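Notes for the structure review
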Amino acid sequence: MGNKGVLAMFDGGLHNMIFPYFSDRLFENKPLHGEQFKEIFAKITYKNLLSLRVPYYVFIQNQEADIYTVSVLAFDDLNKGASCLTVAAEGGPIVMVPILPDAALEGPAYGDWSQEEFARVLSTYTGIPFERLFVPPDLVRTSLRDDNGNFLDIPVEVPV
């Protein structure tokens, strides 16, 4: 959308629970070059492929107010029948808040990250050949950071 980009994950907020400072750490609240945006998109896409928990949702429609509410019920098969606390505001949407047992969030949320597999995903989204991105045994070239780990300030593309 011009020089604006939007990234969204429909994981029920799991990513924010496990990685609360992901965007601050990765984006550094700075403008991104198109290649940097593609790399962040590839990281999020690959991370979601590794998800071991699938969120289950409830969809509620308030026909009078034409309001739709989507709430997460659970993050796995075992707890999708967990009970919910229903909160209703007069004239407002109905919100169902899951009451999950602690066990629902135990164990790993994501599978193991593979730099080689990530480089393949990154290659797909950037068009850069895999062989130019992956440095065996486990390094991937990046447009986000320099060799010292500092954020790379690449001039941002300005639409003409």
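A brief look at the structure comes next. Remember, predicted model here, so these are calculated numbers, not experimental data.

What counts and how
- Residues numbered from 1 in each chain as written.
- Predicted model: local features only at pLDDT ≥ 70, side-chain atom pairs only at ≥ 80, totals over all residues.
- Heavy atoms only, no water.
- Helix = DSSP H or I, 4+ residues; strand = E, 2+ residues; numbered from the N terminus.
- Buried < 20%, exposed > 50% of the residue type's maximum accessible area, 1.4 Å probe, protein only.
- Contact = heavy atoms within 4.5 Å.
- Areas by Shrake-Rupley, 256 points an atom, 1.4 Å probe, with all protein chains shown as cover.
- Core = buried A, V, L, I, M, F, W, Y, C linked by side-chain atoms within 4.5 Å.

**Details of the overall build of the chain**
Broken down by element type, the chain carries five helices and six strands. For the chain, the succession of helices and strands along the chain, N to C, is α-α-α-β-β-β-β-α-α-β-β. Burial analysis of the chain (160 residues in total) assigns 29% to the buried set. Excluding contacts between residues fewer than 6 apart, the proportion of contacts in the chain whose partners are at least 24 apart in sequence is 57%. Total accessible area on the chain is roughly 10700 Å²; 56% of this is exposed by carbon and sulfur atoms.

**Topic: the nonpolar core**
Soluble globular proteins tend to pack their nonpolar side chains together in the buried interior. Among the nonpolar cores identified, the biggest contains 14 residues, and F118, A119, L122 and V140 are the most heavily contacted of them. At the level of secondary structure, the elements contributing two or more residues to this core comprise helix 3 (34-49), helix 4 (115-126) and helix 5 (130-133). With four residues, the single largest contributor to this core is helix 4. In this view, F118 contacts E39, A42, K43, Y46, W113 and V140; residues no more than four positions away in its chain are not counted.

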